[in-house]
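Per-entry structural report
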Amino acid sequence: NSFVIRTNTCGELRSAHVGQKVTLYGWIQYQRQDLFLVLRDFQGLTQIIIPQDEAHSHVKKLLSNAPVESVIRVTGIVSPRPPGQENPKMPTGDIEVKAETAEILNSCKKLPFEIKDFIKKSEALRMQYRYLDLRSFQLQYNLRLRSRLVMRMREYLCNLHGFVDVETPTLFKRTPGGAKEFLVPSREAGKFYSLPQSPQQFKQLLMVGGLDRYFQVARCYRDEGSRPDRQPEFTQIDIEMSFVDQAGIQRLIEGLLQYSWPEERGSITTPFPSMTYEEALAEYGTDKPDTRFGMKIVDISDVLRQSDIQIVQNALSCPRGTVRAICIPQGVRYLKSKDLELLKESAKSQFNQEIVEIIRKPDGSLKSLLTKFLGEKQQSELIQVLNMQLDDVVLLAAGEHKQVCSALGNLRLLSANLLEAAGLALRDPSAFHFLWVVDFPLFLPKADNPTELESAHHPFTAPHPSDANLLYSDPTKVRSQHYDLVLNGNEVGGGSIRIHSAEQQRFVLEKVLKEDSEVLSHLLEALECGAPPHGGIALGLDRLISLIVDAPSIRDVIAFPKSFRGRDLMANAPDYVTPEELGPYHIQVSWPLEEKEAKKN
């Protein structure tokens, strides 16, 4: 209560305050029969008794007529609630304040929705009236937890480990590769700034400048269009260090998270387990595995190698061909036939992968289109390798390794959702399973042109020391010094050891990625000026907080988020500007014909 004119907040009064005269400020949460109202502020609720005696008739009239969500000041005496009227669900439930004077500071008009967490509101309406939505308990909690966590991170990095908090520019130039960037026009004709998708180049240049340890709560920008789980502007905890290796960065981040982790979410155990990219793909079908539950992908190629099943033989005769499966526990009991059809259709439409089901019946026998091709020994081996119990359902896929694993990894997650929706507890919502994924490929074939390569992480990632020579002979086989941090199946951080040799960086840009290195001439020149070995990481703050508070969307942990189409529904941005305003930037808008007509009308 420092610096303000209230004596107490609405969430702090207890039996110990009985008899004290207090002044509270807040919003009227609700009223009841002109007898009492509940006053709310950022910290909680207090019940206010409306006086009924003639001497305070003006106070009664004022409080009884005040609309809900009006801002008021109340001064009164803290009293114990009458016996039997205590509310154990309220921290202030043992007391009430008997109002003596009151003042309406701002009356509230009728609102588009009630300020109560249990009231269902469309997300569009919540974003249009975000200043009202921010009054909800959940958003207040999310934003305050976020603030506390960031402060603890600053303490750990700056006070305990000597990091320097540096603000890097928002107006920069285009970076080759990676996500699309927002362009900002300049007054020089034809020249544009770019908003950085991360401070990547700046933090590397800070290492060249000898700062040794850098950190920033960085605003980043990506023009990624309509992505439900993304924001065009987002925040990351950005870190870079000199003279460090991968293990050093991982130890730092584990210590950082352990130090800043909210007490109410339990404790986290370090060190975090680690898994290679190839292991993650083979066992979970994804580079961001959810390790809170089993149902791992199992290689059954050897069990079926001698069978006469055509799809199996076709797959195993191809290079990188495999036969794999996942076992859905109690699938017969919890999944309907339409669920199984949905799973198979999903694999077909998303991955062009055929799926065959195998059911273990209550009598222990197997039911499938494949059983007529399998002898008793093969069926027994299959049951053993997949650890099939009675009423389990197996989904089998045969084909190219990555396609099969990706399809089964997707089915693993879809199956888990279906099982939980049907009542089987599979993933503990209060558990936090961190995992490092390492040894990613340095380059991947471009989706639109598989004969060309693109960086799996970004073009500044250093090759794995064991594969450095392959960079010049067979870059597709090179592993990188890139590491991702995964939490409950979500990527919450990514980083790498960087290339600190100008010669190697130029080779990667020009010869492997076929990029114009002139765009990065400033960085290449800096690398020639005694650049130290360095590496770093960025943690996605929005995603991390949303997982900690179990929010359905990252928009629930951002004060003023954009819609999934990238619009600000409250201020109606982006918005049109006049031709006169565009003039200094040498820009003319070419309107689509239908928009021209609409503007005329």
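By convention here, each chain's residues receive numbers from 1 onward along its written sequence. Thresholds applied to this predicted model are a pLDDT of at least 70 for local features of residues and 80 or more for the giving and counting of side-chain atom pairs; totals over whole chains, interfaces and linings are not thresholded and use all residues. Hydrogens and waters are ignored; side-chain quantities use all the structure's heavy atoms.

Here is the rule we go by: UniProt positions are given in the numbering used here, feature names are shortened, and annotations may be inferred rather than shown by experiment.
By the naming in an unreviewed UniProt entry, the protein goes by SYDM protein and is assigned to Calyptomena viridis. The heading Sequence similarities (unreviewed entry) in the UniProt record of the protein holds the text "Belongs to the class-II aminoacyl-tRNA synthetase family. Type 1 subfamily."

1. Brief notes about the overall build of the protein
The criterion, for reference: Put simply, DSSP marks the helices as runs of H or I at least four residues long and the strands as runs of E at least two long, and each gets a number from the N terminus on. The cut-offs for exposure are 20% and 50% of the maximum accessible area for each residue type, with area from a 1.4 Å probe on protein chains only; residues under the lower value are buried, those over the upper are exposed, and the others partly exposed. Residue contacts are defined here by distance: any two heavy atoms, one from each residue, within 4.5 Å place the two residues in contact. In summary, the charge assignment counts Lys and Arg as positive and Asp and Glu as negative, without counting His or the chain termini. To locate a charge, take NZ of a lysine, CZ of an arginine, CG of an aspartate or CD of a glutamate.
Scanning the protein from terminus to terminus reveals 19 helices and 22 strands. A principal-axis box enclosing the C-alpha atoms of the protein has dimensions of 95 × 75 × 65 Å. Burial analysis of the protein (601 residues in total) assigns 47% to the buried set. Long-range pairs, those at least 24 residues apart, make up 67% of the contacts in the protein between residues at least 6 apart in sequence. If you average the places of the 71 positive and of the 77 negative side-chain charges in the protein, the two averages end up 4 Å apart.

2. Some remarks on the domain arrangement of the protein
Let me state the cut-off plainly: Domain boundaries shown here were taken from an automatic or database domain assignment.
The assigned domain composition of the protein is domain 1 (15-106), domain 2 (139-275 + 433-556) and domain 3 (293-422). Here the C-alpha centroids of domain 1 and domain 3 sit 63 Å apart.

3. Here we look at a nonpolar patch on the surface
This is how the line gets drawn: Nonpolar side chains (Val, Leu, Ile, Met, Phe, Trp, Tyr) within 5 Å and like charges within 9 Å form the patches, drawn only from residues with over 30% relative accessible area and no salt bridge. Only the protein chains shown count as cover for residues, and all accessible areas are computed by the Shrake-Rupley method using a 1.4 Å probe. One speaks of a salt bridge when a side-chain nitrogen belonging to Lys or Arg is within 4 Å of a carboxyl oxygen belonging to Asp or Glu.
On the surface, Tyr131, Phe560 and Met570 cluster together to form a nonpolar patch covering roughly 300 Å² of accessible area. Considering the arrangement of structural elements, one finds Phe560 in the loop between helix 17 (541-548) and helix 18 (579-582). Overall, the relative accessible area of 47% leaves Phe560 in the partly exposed class.

4. Description of the pairing of strand 5 (residues 95-106)
Here is the rule we go by: Being paired, for any two strands, means DSSP has found at least two bridges between them.
Bridge count between strand 3 (residues 44-49) and strand 5: two bridges; the pairing is parallel. By the bridge assignment for strand 5, Ile49 is matched with Lys98. The pairing of strand 4 (residues 71-80) with strand 5 spans 10 bridges and is classified as antiparallel. Directly across from Ile77, in strand 5, lies its bridge partner Lys98.

5. A word on the environment of Lys336
Looking at where Lys336 falls in the secondary structure, it is placed in the loop between helix 10 (331-334) and helix 11 (337-351). Between the C-alpha atom of Lys336 and that of Leu418, which follows or precedes it by 82 residues, the distance is 9.6 Å.

6. Details of the packing of helix 7 (residues 277-284) against helix 13 (residues 401-421)
The geometry of a pair of packed helices is captured by two quantities: the angle between their axes and the separation between those axes. Put simply, the test is: A fitted line through C-alpha atoms serves as each axis, taken over the contacting stretch for helices, and the angle formed by two N-to-C directions is quoted from 0 to 180°. Each angle is binned into one of four classes, with values under 35 degrees roughly parallel, values over 145 roughly antiparallel, values of 65 to 115 roughly perpendicular, and all other values oblique. Classification convention: Asp, Glu, Lys, Arg as charged; Ala, Val, Leu, Ile, Met, Phe, Trp, Tyr, Cys, Pro as nonpolar; all other residues, Gly among them, as polar.
Direction vectors running N to C along helix 7 and helix 13 enclose 60°, while the axes themselves pass 7 Å from each other. Considering the angle they form, helix 7 stands oblique to helix 13. The residues of helix 13 that touch helix 7, namely those facing Tyr277, Glu278, Leu281, Ala282 and Tyr284, are His401, Lys402, Cys405, Ser406, Gly409 and Arg412. Of the residues that constitute the contact of helix 7 with helix 13, the class distribution is five nonpolar, three polar and three charged.

7. What to know about the sheet that holds strand 22 (residues 534-540)
Here we have eight strands laid out as an open sheet, ordered 6-9-10-22-21-20-17-11, and mixed in their pairing. Only two strands of the sheet have a single neighbouring strand rather than two, namely strand 6 (164-165) and strand 11 (274-276). Two elements, strand 20 (residues 482-487) and strand 21 (residues 490-497), share six bridges in a ladder whose sense is antiparallel. Residue pairing for strand 21: Val486 is matched across the bridge by Glu491. On top of the sheet, helix 4 (residues 137-160) reaches strand 6, strand 9 (213-221), strand 10 (233-242) and strand 22; it is set at about 150° to strand 9, its chief contact. Its contacts with the sheet put helix 17 on strand 10, strand 20, strand 21 and strand 22, and the angle it makes with strand 21 is roughly 140°.

8. Quick notes on helix 5 (residues 200-208)
Along helix 5, seven of the nine residues are buried, which leaves the element largely enclosed by surrounding structure. Buried within helix 5 are the following residues: Gln200, Gln201, Phe202, Lys203, Gln204, Leu206 and Met207. Where helix 5 is buried, its residues touch strand 9, strand 10, helix 16 (521-527) and strand 22.

9. Topic: empty space enclosed by the protein
Worth spelling out the cut-off: Here a cavity denotes grid points, spaced 1 Å and computed from the protein atoms alone, that fit a 1.4 Å probe unable to get out, and a pocket denotes an open set having protein on both sides within 12 Å along at least 5 of 7 lines; residues with an atom within 4 Å of a point are the lining. Grid points are joined across faces, edges and corners, and a volume is the space filled by probe spheres set on the points.
Enumeration over the complete set of coordinates arrives at one cavity of 30 Å³ or more. Estimates place the volume of the largest cavity at around 40 Å³. Along its surface, the largest cavity is lined by Met127, Arg130, Phe560, Pro561, Asp568, Leu569 and Met570. Residues that form the lining of the largest cavity fall into these classes: five nonpolar, no polar and two charged.

10. So, the side chain of Ser546
The residue Ser546 is located in helix 17 in this model. If sequence neighbours within four positions are ignored, Ser546 has contacts with Ala551, Ser553, Ile554 and Val557.

11. Some words on the pattern of salt bridges
On inspection of all chains with the given rule, the structure shows 36 salt bridges. For Glu123, the salt bridge is made with Arg555, and the minimal N-O distance between the two is 3.0 Å. Of this pair, Glu123 sits in helix 2 (residues 123-128) while Arg555 sits in the loop between helix 17 and helix 18, and the two are 432 residues apart along the sequence. On the basis of relative accessibility, which here comes to 31%, the residue Glu123 falls in the partly exposed class. Relative accessible area serves as the criterion here: at 8%, Arg555 is assigned to the buried category. With a closest N to O distance of 2.9 Å, Glu264 and Arg148 form a salt bridge. Of this pair, Glu264 sits in the loop between helix 6 (246-260) and strand 11 while Arg148 is found in helix 4, placing the two residues 116 residues apart along the sequence. Take Glu264: its relative accessible area is 40%, and that puts it in the partly exposed class. Classification of Arg148 as partly exposed rests on a relative accessible area of 44%. If you follow the salt bridges from partner to partner, you end up with Arg126, Arg130, Asp133 and Asp556 in one network.

12. A short note on the side chain of Gln353
Positionally, Gln353 belongs in the loop between helix 11 and strand 14 (356-360). Residue Gln353 is classed as buried on the basis of its relative accessible area of 3%. With sequence-adjacent residues up to four places away left out, Gln353 is seen in contact with Ala347, Lys348, Ala397, Ala398, Gln403, Val404 and Ala407.

13. Some points on the layout of surface pockets
The rolling of a water-molecule-sized probe over the atoms marks out the regions of remaining empty space. If you add up the space inside the second largest pocket, you get close to 970 Å³. Here the residues of the lining of the second largest pocket are counted per class, giving 19 nonpolar, six polar and 11 charged.

14. Comments concerning the pairing of strand 4
Counting buried positions along strand 4 gives seven out of 10 residues, so the element sits mostly inside the fold. Of the pairings in the sheet, the one linking strand 1 (residues 21-32) to strand 4 comprises seven bridges and is antiparallel in character. Of the residues in strand 4, the one forming a bridge with Thr23 is Thr75.

15. With respect to the sheet that holds strand 5
Strand pairing in a sheet takes place through backbone hydrogen bonds and is either antiparallel or parallel in direction. Ordered by their spatial adjacency, five strands build a closed barrel running 1-2-3-5-4, and the pairing between neighbours is mixed. Across the sheet, the mean angle from the axis of one strand to that of its neighbour is 55°, orientation sign disregarded. Pairing of strand 1 with strand 2 (residues 36-41) involves five bridges; the strand directions are antiparallel. Within strand 2, the residue paired with Gln31 across the bridge is Leu37. Packing against the sheet, helix 1 (residues 57-65) makes contact with strand 1, strand 2, strand 4 and strand 5, and its axis sits at approximately 75° to strand 5.

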